[in-house]
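Below, each chain spelled out in residue letters.
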Amino acid sequence: MFPAQAEIFFRTFNAGRLSYNNNWCIFACRYNFKQPQNQDPLAINFGDDLINPPELGILERQIKLVRHGQALVIPMSAETVGHGTHTKAAVWKLHLVKFLKATER
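Residues numbered from 1 in each chain as written. Predicted model: local features only at pLDDT ≥ 70, side-chain atom pairs only at ≥ 80, totals over all residues. Heavy atoms only, no water.

Caption draft 1: View of the overall build of the chain. Counting secondary structure elements, the chain contains four helices and two strands. Along the chain direction, N to C, the helices and strands of the chain fall in the order α-α-β-α-β-α. The 105 residues of the chain split such that 21% are buried. Considering only contacts within the chain whose residues lie at least 6 apart along the sequence, 57% involve residues at least 24 apart. (Helix = DSSP H or I, 4+ residues; strand = E, 2+ residues; numbered from the N terminus. Buried < 20%, exposed > 50% of the residue type's maximum accessible area, 1.4 Å probe, protein only. Contact = heavy atoms within 4.5 Å.)

Caption draft 2: Local environment of unusual backbone geometry. Although it is not a glycine, His68 sits at a positive phi angle of roughly 60°. If you trace the backbone, His68 turns up in the loop between α3 (58–63) and β2 (70–74).

Caption draft 3: Main features of the environment of Arg67. By secondary structure assignment, the location of Arg67 is in the loop between α3 and β2. According to the relative accessible area criterion, Arg67 is partly exposed, its value standing at 46%. Spatially, the C-alpha atom of Arg67 lies 8.2 Å from that of Pro41, the residues being 26 residues apart in sequence.

Caption draft 4: Quick peek at the pairing of β2. Here strand β1 (residues 42–46) pairs with β2 via five bridges, running parallel. Note on β2: the bridge partner recorded for Asn45 is Val73. As a crossover connection, the stretch from β1 through α3 into β2 is right-handed. (Pairing = 2+ DSSP bridges. Right-handed = clockwise from strand over helix to strand, strands pointing away.)

Caption draft 5: Spotlight on the side chain of Asn45. Position of Asn45 among the secondary structure elements: in strand β1. Non-local contacts of Asn45, meaning those with residues more than four positions away in its chain, are made with Asn52, Pro53, Pro54, Leu59, Leu72, Val73 and Ile74.

Caption draft 6: Summary view of the environment of Glu79. Checked against the element boundaries, Glu79 lands in the loop between β2 and α4 (89–102). Setting aside chain neighbours within four positions, we find Glu79 in contact with Lys88 and Val91. Reaching out from Glu79, the side chain makes a polar contact with the side chain of Ser77 at a distance of 3.1 Å. (Polar contact = N/O pair within 3.5 Å; in protein donor to acceptor, adjacent residues only side chain to side chain.)

Caption draft 7: Local environment of the environment of Ala71. Secondary-structure assignment places Ala71 in strand β2. Between the alpha carbons of Ala71 and Ile44 there is a distance of 5.9 Å; along the sequence they are 27 residues apart. Contact partners of Ala71, with chain neighbours within four places excluded, come to Ala43, Leu59 and Ile63.

See below:
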C-alpha cells in the first residue's frame, strides 16, 4: 500500500467508519496490505483475550483469506494474561520456534 492510501485507510478506520465486521475493512485489509508471496504467516491469539475473543471465531474465519496462513489459539492458563499475553514471549515462543522450523525453506 502506498503511504497516501494507508493514510486514507487509517483516517477512515480511526473515524469509526470501519470495524472488524465491516466488509469494506476486510476488503481493504486483504487487498491493500499485500503479503509477500514467499511468506507463511502465523496468527496467534489467546484463550482469555477480551479484545479479540476467540469465541467469536474471527481469527479462524479470516485466516482462511491469507495464503498459507495458520492460526493458533493458546488456551487460557496461569501464564496468560488476556490480550497482553502477546508481550510475554515465554508463553508463545515454543509455538513460534516449532512454526519456523516447519516452514524453513
